Amino acid sequence: MKAKMTVNKAYEIDKVDPRIYGSFVEHLGRCVYDGIYEPGHKTANAGGFRADVKELVKELNTSFIRYPGGNFVSGYNWMDGIGPANDRPKRLDLAWRTMETNEVGLHEFMDWANEVNADVNMAINLGTKGIDDARNIVEYCNHKGGTYWSDLRKANGRAEPYKIKTWCLGNEMDGPWQMGAKTAEEYGRIAVEAAKMMKWTDDSIELVACGSSNNSMPTFASWESTVLEHTYDHVDFLSLHCYYNNRENDLKSYLAMNIDMDNFIKSVASICDYIKAKKHSKKTINLSFDEWNVWYHSNEQDAKIAKEAPWSISPSILEDIYTFEDALLVGGLLITLLKNCDRVKIACLAQLVNVIAPIMTEKGGEAWRQTTFYPFKQAANYGHGTVLTPIIDSPTYGCEKFESVPYLESLAIHNEEKGEVVVFALNRSENEDIELTVDLQGFRPGLVTEFSEMSGFGLKQVNTKADASVKPAESKAAKVEGDTLTAVLKPLSWNMIRVAVK
Ligand code: AHR
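Residues numbered from 1 in each chain as written. Predicted model: local features only at pLDDT ≥ 70, side-chain atom pairs only at ≥ 80, totals over all residues. Heavy atoms only, no water.

Caption draft 1: Molecular detail of unusual backbone geometry. Cis peptide bonds are those with omega within 30 degrees of zero, and the linkage from Gly69 to Gly70 qualifies with 15 degrees. Among the secondary structure elements, Gly70 is positioned in the loop between strand 4 (64-67) and strand 5 (91-93). Between Ala350 and Gln351 the backbone carries a cis peptide bond, its omega angle lying at 0 degrees. Counting through the fold element by element, Gln351 comes out in the loop between strand 12 (344-350) and strand 13 (359-361). Non-glycine residue Asn117 carries a positive phi angle of around 60 degrees. Looking at the secondary structure, you find Asn117 in the loop between helix 2 (106-115) and strand 7 (119-123). (Helix = DSSP H or I, 4+ residues; strand = E, 2+ residues; numbered from the N terminus.)

Below, the structure written as structure tokens:
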């Protein structure tokens, strides 16, 4: 089949905020312990962090990492994680029914994030803690010195302030599973008071208020509206979370789930703008999609572990092993985030290592790339610059969840600095090539410098330590003539095409 995308150099959606390629490290399962941190591992440094994992994180090029939770943060006392490691308390983590040793805390994590070239998006506990704790952690991290908390940071070995810019005001506070869950009124009140005190402590920070835990929550939309009524003038972002699954094994619907993400983003942006209008405000609230991914493969096993082995240290939970079809959807979800980059400034693939993650590790052994590693890596490495408004003409199909789904999902990004246009494209057809034409109006395109495709694998094929062959390969089936790029996109394929432009 044939499909066409038209873009014009002058028709821009917005510049990509590099924080859109964020990720997430929670004290959960084997994400921290036996993930990024494994003292005794042959590649571990003196502090116990694995060099092989660091290398993969750098290859992934995630720019921004949310920490330390997630559900975990709603019962976390950040002071448990500072000071001499031997004096730190062991605590029950009620979120995941595990044991937290606090061997890794604020300083260790900040040092590690620095080594992988990522900024940290610090979440505070608004479940079991409150506004005093919120302002104290900002003073501890960001104040230069001469006060109780900033001098304590110095005494703990860090002279310079960490200057953490982005902070989350709690996590999924609407969810009954959350420690200290709240009504929208209760959360709106505590969030605005925490926000005021945190910004009074450091007025350079940016704050993310909690939106709904997902768009099927019964309070979705009214939660956003009430929370913003309270917090609008004091916060900068509203959060969105969503995980997708193919439990019903319905490929046609599954590969179109990014349409659901798009609807979710547009609904939340509308609610933000409704409150903006109501408040006669000049300020726009942007969106932080700070948890997104595929999550379902491990559900059954996790329920068993929680029942049979509660309170273990770093159990193997939420260890989804991703398939080729998951990688295709992750590619589609990335395109949707980028298409909405005028509002979505932050997004975090949840999570980074072992726990619903693109990187897997074996205790005492290897680290490897899951199938979903690749679309994220390509977007995070090459998806920078200005997203152009895509006009797409593609045949469509209908399915259980959506009336009309284009076989082609695509967009183009103009990287002014590098002098290139990068096209990302998903072919959702199970059996037909797409002969793609991209009209690059306003550009003087040169050569195709790279055409990388991920295709031809079994839908349920996964990567393992022994065989990680689900990955992109080079294709030659793209060329430029005049201002037109043409390419053949194989059935069920994720594609990246880079074209030099003037
Ligand atoms: O990422 C896993 C969990 O999903 C997080 O802890 C929580 O915020 C969400 O429900």
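Caption draft 2: Layout of the pairing of strand 20 (residues 420-427). For strand 20, a buried count of 8 out of 8 residues is recorded, marking the element as mostly surrounded by other parts of the structure. Here strand 20 shows no split at all, with Glu420, Val422, Phe424 and Leu426 on one side and Val421, Val423, Ala425 and Asn427 on the other all buried. Direction of pairing for strand 19 (residues 408-415) relative to strand 20: antiparallel, over a ladder of 8 bridges. Bridge pairing links Leu411 to Phe424 in strand 20. What sits between strand 19 and strand 20 in their antiparallel hairpin is a turn of 4 residues, with Gly419 showing a positive phi close to 65 degrees. Bridge count between strand 20 and strand 26 (residues 493-501): 8 bridges; the pairing is antiparallel. If you follow Val421 over to strand 26, its bridge partner there is Val499. (Buried < 20%, exposed > 50% of the residue type's maximum accessible area, 1.4 Å probe, protein only. Pairing = 2+ DSSP bridges.)

Caption draft 3: Spatial organisation of the packing of helix 10 (residues 324-339) against helix 11 (residues 373-382). One can describe the packing of helix 10 onto helix 11 by two numbers: an axis separation of 8 Å at closest approach and a directional angle of 25 degrees. It follows from the interaxial angle that helix 10 and helix 11 lie roughly parallel. Contact residues: helix 10 offers Ala327, Val330, Gly331 and Leu334, while helix 11 offers Pro375, Phe376 and Ala379. Looking at the contact of helix 10 with helix 11 residue by residue, the class counts come to 6 nonpolar, 1 polar and no charged. (Axes fitted to C-alpha atoms, helices over the stretch in contact; angles between N-to-C directions. Parallel < 35°, antiparallel > 145°, perpendicular 65-115°, else oblique. Contact = heavy atoms within 4.5 Å. Nonpolar A, V, L, I, M, F, W, Y, C, P; charged D, E, K, R; others polar.)

Caption draft 4: A look at the site of the ligand. What surrounds the ligand is a group of 13 residues, the closest being Glu26, Asn71, Glu172, Tyr243 and Glu291. Protein burial of the ligand: of its 290 Å² of free accessible surface, 96% is covered by the chains. (Near = heavy atom within 4 Å. Areas by Shrake-Rupley, 256 points an atom, 1.4 Å probe, with all protein chains shown as cover.)

Caption draft 5: Just the nonpolar core, in detail. The biggest cluster of nonpolar side chains holds 154 residues, and the ones touching the most others in it are Trp112, Trp167, Leu169, Tyr187, Phe289 and Trp292. Top element by residues in this core is helix 10. It accounts for 10 residues. Here Leu169 is in contact with Ile124, Leu126, Tyr187, Ala191, Ala194, Ala195, Met198, Leu207, Val208, Ala209, Cys210 and Val235, once residues within four sequence places are set aside. In terms of nonpolar packing, the next biggest core, distinct from the first, is built from 10 residues, Ala123, Cys168, Ile346 and Ala350 among them. (Core = buried A, V, L, I, M, F, W, Y, C linked by side-chain atoms within 4.5 Å.)

Geometric values such as these leave the question of function open.
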